[in-house]
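Understanding the architecture of this molecule
One-letter residues, chain by chain:
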Amino acid sequence: MFGYRISRFGSAIVKQLTREGYLSTYWTRTLQRPYGHYLRSSPMVQRQTRTCQQAFFLKNNRFSAFSTTSSDKDDGETEKITIIFVDKDGEETPVKVPIGMSVLEAAHENDIDLEGACEASLACSTCHVIVMDTEYYNKLEEPTDEENDMLDLAFGLTETSRLGCQVIARPELDGVRLAIPSATRNFAVDGFVPKPH
Amino acid sequence: MARYLARHLVSRYLSSSVSSPSLHVCVVGSGPAGFYTAEKLLKAHEGARVDIIDRLPTPFGLVRSGVAPDHPETKIVMNQFSRVAQHERCSFYGNVKLGSDLSLSELRDLYHVVVLAYGAESDRDLGIPGESLNGIHSAREFVWWYNGHPDYSSFKPDLKSSDKAVILGQGNVALDVARILLRPTTELASTDIARHALSALEESSIRKVYLVGRRGPVQAASTAKELREILGIKNLHIRIKETDLSVTPADEEEMKNSRARKRIYELLSKAAAAAGTSKADPDQRELHFVFFRQPARFLESDERRGHVSGVNLEKTILESVGSGKQIAVGTGEFEDLNCSMVLKAIGYKSVPINGLPFDHKKGIVPNVRGRVVSDTSGGISQTEPGLYVCGWLKRGPVGIIATNLYCAEETVGSISEDIGEGICESAKAGSKGLLQLLEKRLVNRVDFRGWEKIDAKEIQLGSERDKPREKFVSWEDLLAAAAN
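Residues numbered from 1 in each chain as written. Chains lettered and ligands numbered in written order. Predicted model: local features only at pLDDT ≥ 70, side-chain atom pairs only at ≥ 80, totals over all residues. Heavy atoms only, no water.

Chain B goes by NADPH:adrenodoxin oxidoreductase, mitochondrial in an unreviewed UniProt entry, where it is assigned to Noccaea caerulescens. Under the UniProt heading Cofactor (unreviewed entry), the entry covering chain B gives this text: "FAD". Taken directly from UniProt, the Subcellular location (unreviewed entry) text for chain B runs: "Mitochondrion". (UniProt positions renumbered as here; feature names shortened; annotations may be inferred.)

An unreviewed UniProt entry lists chain A under the name Adrenodoxin-like protein 1, mitochondrial, with Noccaea caerulescens given as the organism. Word for word, the UniProt comment on chain A under Cofactor (unreviewed entry) is "[2Fe-2S] cluster".

The next thing to look at is the sheet that holds strand S8 (residues 208-212) of chain B. All names here are of chain B. Taken in spatial order, the 6 strands line up as S6-S14-S7-S8-S10-S9 in an open sheet, and their pairing is parallel. Each edge of the sheet is formed by a strand with only one pairing partner; in this case those strands are strand S6 (136-138) and strand S9 (236-240). Averaged over all neighbouring strand pairs, the angle between strand axes comes to 20 degrees, with direction disregarded. Across the sheet, helix H6 (residues 139-146) lies against S6 and strand S14 (341-344), angled at about 75 degrees from S6, the strand it touches most. (Pairing = 2+ DSSP bridges. Helix = DSSP H or I, 4+ residues; strand = E, 2+ residues; numbered from the N terminus. Axes fitted to C-alpha atoms, helices over the stretch in contact; angles between N-to-C directions. Contact = heavy atoms within 4.5 Å.)

What follows is about the domain arrangement of chain B. All names here are of chain B. Domain parsing of chain B yields domain 1 (23-121 + 350-444) and domain 2 (123-347). Spacing between the C-alpha centres of domain 1 and domain 2 amounts to 33 Å. Taken together, the contacts link 15 residues of domain 1 with 18 residues of domain 2. In total, domain 1 and domain 2 occlude about 1,300 Å² of area from one another, counting both sides; carbon and sulfur atoms represent 48% of this. The interface formed by domain 1 and domain 2 includes 5 salt bridges. Partitioning the side of domain 1 that touches domain 2 into residue classes produces 5 nonpolar, 4 polar and 6 charged. (Domains from an automatic or database assignment. Buried area = accessible area lost by both parts, 1.4 Å probe. Salt bridge = Lys/Arg side-chain N within 4 Å of Asp/Glu carboxyl O. Nonpolar A, V, L, I, M, F, W, Y, C, P; charged D, E, K, R; others polar.)

All names here are of chain B. UniProt records the feature "binding site: NADP(+)" (unreviewed entry) at Gln-170, Gly-171, Asn-172, Val-173, Arg-214, Arg-215, Glu-226 and Gly-399, using the numbering of this structure. Positionally, Gln-170 belongs in the loop between strand S7 (164-168) and helix H7 (172-182). Residue class for Gln-170 comes out buried when judged on its relative accessible area of 9%. Polar contacts involving the side chain of Gln-170 include one to the main-chain carbonyl oxygen of Leu-211, which spans 3.1 Å. Here Val-173 is to be found in helix H7. (Buried < 20%, exposed > 50% of the residue type's maximum accessible area, 1.4 Å probe, protein only. Polar contact = N/O pair within 3.5 Å; in protein donor to acceptor, adjacent residues only side chain to side chain.)

Residue and element names in this part refer to chain A. One open sheet accounts for 5 strands, arranged S2-S1-S5-S3-S4; its pairing is mixed. The open sheet terminates on both sides in strands that have one partner only, identified here as strand S2 (92-98) and strand S4 (161-163). Across the sheet, the mean angle from the axis of one strand to that of its neighbour is 35 degrees, orientation sign disregarded. Both strand S1 (residues 80-86) and strand S5 (residues 176-179) contribute to a ladder of 4 bridges, which runs parallel. Counterpart to Phe-85 in the pairing with S5 is Leu-178.

Our focus in this paragraph is the nonpolar core. Residue and element names in this part refer to chain B. If you look at the biggest cluster of nonpolar residues, it comprises 58 residues, and the most contacted ones within it are Phe-142, Tyr-146, Leu-287 and Phe-289. Residue contributions to this core peak at 8 residues, all from H7. Residue assignment places this core across two domains, with domain 1 (23-121 + 350-444) and domain 2 (123-347) each supplying three or more. What Phe-142 contacts, discounting residues up to four positions off in sequence, is Phe-155, Pro-157, Leu-159, Val-177, Leu-181, Met-341 and Leu-343. Ile-52, Cys-407, Val-412 and Ile-415 belong to the second largest nonpolar core, which has 46 residues in total. (Core = buried A, V, L, I, M, F, W, Y, C linked by side-chain atoms within 4.5 Å.)

Here the focus is helix H2 (residues 32-44) of chain B. In a regular helix each residue adds 1.5 Å, so 13 residues correspond to 18 Å; H2 of chain B covers 18 Å between its end C-alpha atoms and thus fits that length. Where burial is concerned, most of H2 of chain B is hidden: 13 out of the 13 residues are buried. (Expected span 1.5 Å × (residues − 1).)

Right, let's talk about the confidence of the model for chain B for a bit. Residues and elements named next belong to chain B. Taken residue by residue, chain B gives an average pLDDT of 93. The fraction at 70 or more is 94%. Scored below 50 in pLDDT, residues 15-20 shows 3 contacts in the model against residues more than four places distant or in partner chains. Interface predicted TM-score (ipTM) for the complex: 0.87; the corresponding pTM is 0.84. (pLDDT = per-residue confidence, 0-100.)

Another point: the pairing of strand S3 (residues 90-94) of chain B. Residue and element names in this part refer to chain B. Where burial is concerned, most of S3 is hidden: 5 out of the 5 residues are buried. Both faces of S3 are covered, namely the face carrying Cys-90, Phe-92 and Gly-94 and the face carrying Ser-91 and Tyr-93. Pairing between strand S2 (residues 48-53) and S3: 4 bridges, direction parallel. If you follow Ile-52 over to S3, its bridge partner there is Phe-92. Here S3 pairs with strand S19 (residues 446-447) via 2 bridges, running antiparallel. The residue of S19 that forms the bridge with Tyr-93 is Asp-447.

Here it is in structure tokens:
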């Protein structure tokens, strides 16, 4: 209805979204920004961040306070697919997700750092993910008006952006790669365009 | 260079190996900016202790006092913020006012890092004649009133003198106040709207609300969700002039560059097309979108001296000023729009405090990526060590709740770098020092447990009336509920 099908945007988008294209776009932008080097956190802070994040999520995560990360062993009852989360540094984390679970839940179950401020109520855009391969994007159902309204406000919006709470694991999505937009990458220091409130 | 490197490496080693709290942080303001900053600091630094102070006894800032009562999903983020406040290295202290209970310099003496995230509690002015007439208020006051902010419990907007209200501005705050004025009160009765506001709205005679913007539909500042919502309200007649919907090449360009703008325009076009002829129903509620009009002066009533009776509006046209932006320019043609109440939804403004550098033109604290800078007389800015800003005080009063996620990430990034440079080398008193000072000054602080008592009582009272909560709206009631 709103014409966000990738077919319209052709090869330019495909090129941008191939893995190398995505990463090189990110690094180029980071390095070209005047204070680019400030935006990459030091390895020390990153390591602390990772440890603290894990502790924080396990302690406070309302979705899975006590579950460990998904095991590879299939319990024979729920079919699982593989979803690969890609963080802002390009690091890939594959996780096993049962059919029917949303991407947001899957992220929280596996300590992936994906915000969910409104807890899947379609009242925010903090669970924004970018589908990195167009064939997978096209397999998803069109976003509803309500999801598109929230996507309008998402930082780093792309042609293949979706809200993680609205993307549900299905067999045909096995192997899908989802990039979590970098806040620092998209928070333009120069020429920042204020968003409405 | 070698000495810098050595000190850098030593402080990084130290900060990772010290297990007891070594970084004392105070965040001023407990809205989204304050809480996202606290959360990120706690995650990034195992040795950080964060105290969040707020002048209100209740936390969460505009999530509690700004988000409209009929938008409960937007308030769900309070759950996440509560988890931060309950973190073992975090404390919330409400009813503590910076500037009255303690000074900025005292705070900076107590903590290694002070982050000011107290938002924008004042308003932009139009600066036109008649602005001080009765019946003219800022939208912020009206919002705080219906959301039960303790500073506005005795506010009395005049909703009974006529059937018309004018709202200046077409952003989401303008839509919020229009919607609260026009929504059937039976629908509002089951929200957390303040009781005094519900009663006043039940007796309101306002039936026609005019949303006045100085530019066109393509430039309207509201977002799709809110627009879709108000355009879909039952039995609400929408009025948009077809002629206002014609687009220029510059408008097309703006829409091409922003999918949000394009969708807003499409929504308004569809609404204009769908608006049929109105029935002659005197009780019919109407929402008028008035484009290309800017207020020139306010008109005073002849019958009620000192009270507003309308707005004199100047027609405008748009002029391109480069980089795809168009501004409104007056044409010299004027017309009057009568009303008995005007709400100005043209933007908030931050309030400066003693000892804090402030840019009065932009209404923000001057900063570079969250680090507060002061202008020395030579025009060279100097960073204020250990002092940071986040949220509206840093960026201006724009953006949504999630905008603060990224804002906090930037400010915390700056703090982390500065920690690496050794700003937390000297010992600071932190929480202990703050509590001693507050005790000495007999400040009745409300900790998070106190808020939980207020919360539980409000929810209990609300359940008796089929509302999610019944808010306490006076300072006395809030402090009493927190204590028992």
